[in-house]
Amino acid sequence: SLHFYAAWMGVKKLWKILSPVKERVSVESLRGKVLGVDLAVWVVQAENVVQGSYHGIYLRQLFFKVMHLLEHGIGVIVVTDGKAPILKAQTIANRLGVNLDRNQKVIQRRRFMKIMNECQEMLISMGVPVLKGESEGEGSAAKLQQDNRIDGVITTDGDAFLYGARVVYRNLFVTEDYCEQYRMNRIEYELGLSRDDLIALGILNGCDYNPEINTLSRLHRHDNITSP
């Protein structure tokens, strides 16, 4: 199971904080755009949604998700994780199972990498561009957007905004014609949160790189950041 990977991805409570600027947009409205896909997130979602199903469900899910986008005239660049940052070592260890011994953790990690390699092989055979990130997949996708090579990032990992993404798409399913869109310009204008503010939220609330700071009331953290 890859459930350990999905337990905590990105900044805690970030999507709840950003919920006032969530937009429901049709997949058809994205026609003509090029989107970067955070592959690790899609793989984890596939494994967690269908626990106990047949081997390779992640390949089936990935195939139909990519085809869903292509059939709507949406360009796709899939981004994979590179070498994990040293600061994330403890988070990865926790996701691999705090009660597992070292050998079990190595086995779990190798299985995950095997799954990722299988996905990359299938994507390449489909003619879909695959880019290996320098580090975090969502971070590399965010960099692509900063360089104007893509129009948005598909991920459920809010870290994408901290890395500099301007538009993030979330909860995109094959069976749905709509998904969630979050735009940084609305986050800045309506919520008063800049990229630096979101990084501060990651430090206060906890993220993949550090635990939350317990000395501040969770209720007042957002107010503390947005107050002058």
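Owing to the predicted nature of the structure, the values given are computational and were not obtained by experimental measurement. (Residues numbered from 1 in each chain as written. Predicted model: local features only at pLDDT ≥ 70, side-chain atom pairs only at ≥ 80, totals over all residues. Heavy atoms only, no water.)

With that settled, consider the sheet that holds strand S4 (residues 130-132). Strands pair in a sheet through their backbones, by hydrogen bonds, and they do so in one of two ways: parallel or antiparallel. What the seven strands build is an open sheet, ordered S1-S7-S6-S5-S2-S3-S4; its pairing is mixed. Looking along the sheet, the strands with just one partner apiece sit at the ends: strand S1 (23-26) and S4. The sheet shows a mean angle of 35° between the axes of neighbouring strands, taken without regard to direction. The strands touched by helix H7 (residues 137-146) within the sheet are strand S2 (34-38), strand S3 (75-80), S4, strand S5 (152-154) and strand S6 (167-170), with S3 carrying the most contacts at an inclination of about 140°. Where helix H9 (residues 184-191) meets the sheet, it contacts S1 and strand S7 (178-183), and its direction lies at approximately 60° from that of S7. (Pairing = 2+ DSSP bridges. Helix = DSSP H or I, 4+ residues; strand = E, 2+ residues; numbered from the N terminus. Axes fitted to C-alpha atoms, helices over the stretch in contact; angles between N-to-C directions. Contact = heavy atoms within 4.5 Å.)

Another aspect to go through is unusual backbone geometry. Despite not being glycine, Asn 148 shows a phi value in the positive range, around 60°. Within the secondary structure, Asn 148 sits in the loop between H7 and S5. Judged by relative accessible area, which is 71%, Asn 148 ranks as exposed. Residue Asn 171 is not a glycine yet carries a positive backbone phi of 55°. By the element assignment, Asn 171 lies in the loop between S6 and S7. (Buried < 20%, exposed > 50% of the residue type's maximum accessible area, 1.4 Å probe, protein only.)

Residue placement: Leu 30 occurs in the loop between S1 and S2. The exposure class of Leu 30 is buried, given its relative accessible area of 1%. Among all residues touching Leu 30, those that are not within four sequence positions of it are Leu 35, Ile 74, Tyr 169 and Cys 179.

Another point: the pattern of salt bridges. The full count for this structure, using the stated rule, is eight salt bridges. For Glu 180, the salt bridge is made with Arg 170, and the minimal N-O distance between the two is 3.2 Å. You can see Glu 180 sitting in strand S7 and its partner Arg 170 sitting in strand S6, a full ten residues away along the chain. Of the two residues examined, Glu 180 and Arg 170, each falls in the buried class. Salt bridges linked by common partners bring Glu 23, Arg 183, Arg 186 and Glu 190 together as one network. (Salt bridge = Lys/Arg side-chain N within 4 Å of Asp/Glu carboxyl O.)

The subject of this paragraph is the side chain of Lys 65. In this fold, Lys 65 is placed in helix H4 (residues 57-71). Comment: no salt bridge for buried Lys 65; closest opposite-charge side chain is Asp 38, at 11 Å. Not counting residues up to four positions away in its chain, the partners in contact with Lys 65 are Trp 42, Gln 45, Leu 172 and Val 174. (Lys, Arg positive; Asp, Glu negative; His and termini not counted.)

This part is about the packing of aromatic side chains. Enumeration over the complete set of coordinates arrives at three aromatic pairs. Ring centres of Trp 15 and Tyr 182 lie 4.8 Å apart, and the angle between their planes is 55°; this geometry places the pair in the tilted category. One end of the pair, Trp 15, is in helix H2 (residues 14-18); the other, Tyr 182, is in strand S7, and 167 residues separate them in sequence. Accessibility assignment for this pair places Trp 15 and Tyr 182 in one class, buried. Between Phe 63 and Phe 64, the aromatic rings sit 5.3 Å apart at their centres with planes inclined by 80°, giving edge-to-face as the arrangement. For Phe 64, a relative accessible area of 37% puts it in the partly exposed group. One aromatic cluster is present, formed by Trp 15, Phe 161 and Tyr 182 through successive ring pairs. (Phe/Tyr/Trp six-rings, centres within 6.5 Å; stacked < 30°, edge-to-face > 60°.)

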